[in-house]
Amino acid sequence: MSNNTINIFFDVQELYYLPQYLPVHHELIKRGQGNTTFIFHHGKFDTIIEGIIQKENLNYIWVENKSEANNYYKKEKADWIFFGNTFPHLDEVHKVSKTIQLGHGVGPKSSYYTKSDTPTTVRFVEGEYRTNRLKSMYPDNNFVDVGFAKLDPILNGHAPTFDLESLGLDPLKKTLVYAPTFYPSSIERFPKKFPEDFKDFNIMIKPHYFSLSQEKYKKQRQLLEYWSEYDNVYLAKVTDYSLVPFLATADLLMSDASSAIIEFAALDKPVIWCNFLQLRWNYKGIFAYRFKNRMDKDYDEYSKIAVQSDSYEALKDNIKEQILNPTSFSKKRLQYANKLAGSLDGKASQRIIDYLLKNK
């Protein structure tokens, strides 16, 4: 491989890392300046991943676990390896390759910051605010502000959207997306008749994939599946692994402690923050400090980037008001989206590839 090209690996421990990785992969392939390989970890969604591999025409290998991935990395010696989270064998990998941490979201959980407890060669970060915070927490680590690559396809007008009619929805109605996280979540605080209250709208529900896949969130799944029986509801399948088409299709987003709020606000469309969460008993009362520890201080910024709803009743009123006046919150929304997601020029992937080529 010549000096002006690079060999990149993407470590895909979880399916939901892909929407962040793919724009970077596409940018490198478009330039013809290197090769990419996706390292998929076997799990319950292998069949779905095989479909994505085919559709995206990816070079790939499968591994059973992190130990097997580590052996592959030491043998193949890529120029750069992307990780979406921590990786236990970085000291060994660093003997043969440089590494990158590229987080899959920009949510308010404290884990966003603590992922840097084990430093990669570089961590790409979304915006000056987060970069400065990370630098103050980890002064010896290397952080580079590039923006949020996942949004590049939407900001550049290349994102796929849904054909509402093919999903059984009404193209003449406004479309709401409800994108709750798995914990702490607002799902359990929504009434069973939720779709009836919004019968004048299409409702697309895009839960976190843990809500769809993990046994301990079975009750959430039962409620989600009940709602999906309504004519005006489309419940995302596990194959709908990316939030991007939902963001590109919707007129309004409602969410809770999720990165989706910042991602949608960055597109300058109305966002409602569902600040009524179902907390486990060990997160309440004298244990409230556990909730505070799980959520970062950025959690407070959500009341500034979105219209806050402290109850389901307030949510109903806020949705009607925001659909009628979608630009009423625009200035604040973009101000805080820039703060929490970085530059919104659609060039995050370009900046990433520029850095990797320059620092091979």
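Now for a quick tour of the structure. (Residues numbered from 1 in each chain as written. Predicted model: local features only at pLDDT ≥ 70, side-chain atom pairs only at ≥ 80, totals over all residues. Heavy atoms only, no water.)

Focus: the overall build of the protein
Each helix and strand counted, the protein has 17 helices and 13 strands in total. Its C-alpha radius of gyration of 20 Å places the protein within 12% of the 21 Å reference for a compact globule of 360 residues. Expressed as a percentage of its 360 residues, the buried residues of the protein come to 57%. Within the protein, counting contacts between residues at least 6 apart in sequence, those at least 24 apart form 66% of the total. As presented, the protein carries roughly 15900 Å² of accessible surface, and 48% of it is formed by carbon and sulfur atoms. If the 47 positive side-chain charges of the protein are averaged to one point and the 44 negative ones to another, these points end up 4 Å apart. (Helix = DSSP H or I, 4+ residues; strand = E, 2+ residues; numbered from the N terminus. Rg over C-alpha atoms; globule rule 2.2 N^0.38 Å. Buried < 20%, exposed > 50% of the residue type's maximum accessible area, 1.4 Å probe, protein only. Contact = heavy atoms within 4.5 Å. Areas by Shrake-Rupley, 256 points an atom, 1.4 Å probe, with all protein chains shown as cover. Lys, Arg positive; Asp, Glu negative; His and termini not counted. Charge placed at Lys NZ, Arg CZ, Asp CG, Glu CD.)

A look at the environment of F143
Topologically, F143 is positioned in strand β7 (residues 143–145). F143 sits in the buried class, given a relative accessible area of 5%. C-alpha separation for the pair F143 and L253, spaced 110 residues apart in sequence, amounts to 31 Å. Ignoring sequence-local partners within four residues, the contact set of F143 consists of S116, R123, V125, T131, L134, K135 and Y138.

So, the side chain of H208
Relative to the helices and strands, H208 is located in the loop between β9 (202–205) and α9 (209–213). The exposure class of H208 is buried, given its relative accessible area of 19%. When neighbours within four sequence positions are excluded, H208 is seen to be in contact with Y16, P180, T181 and F182.

Quick look at helix α16 (residues 330–341)
Relative to the 16 Å expected for twelve residues at 1.5 Å per residue, α16 spans 16 Å between its end C-alpha atoms, a close match to the ideal helical length. Burial in α16 covers these residues: S330, R333, Y336, A337, L340 and A341. End-on view of α16: buried residues confined to an arc of 140°, all on one side of the axis. One or two steps after α16, the chain reaches G342, where phi turns positive at roughly 85°. (Expected span 1.5 Å × (residues − 1). Arc of directions from axis to C-beta.)

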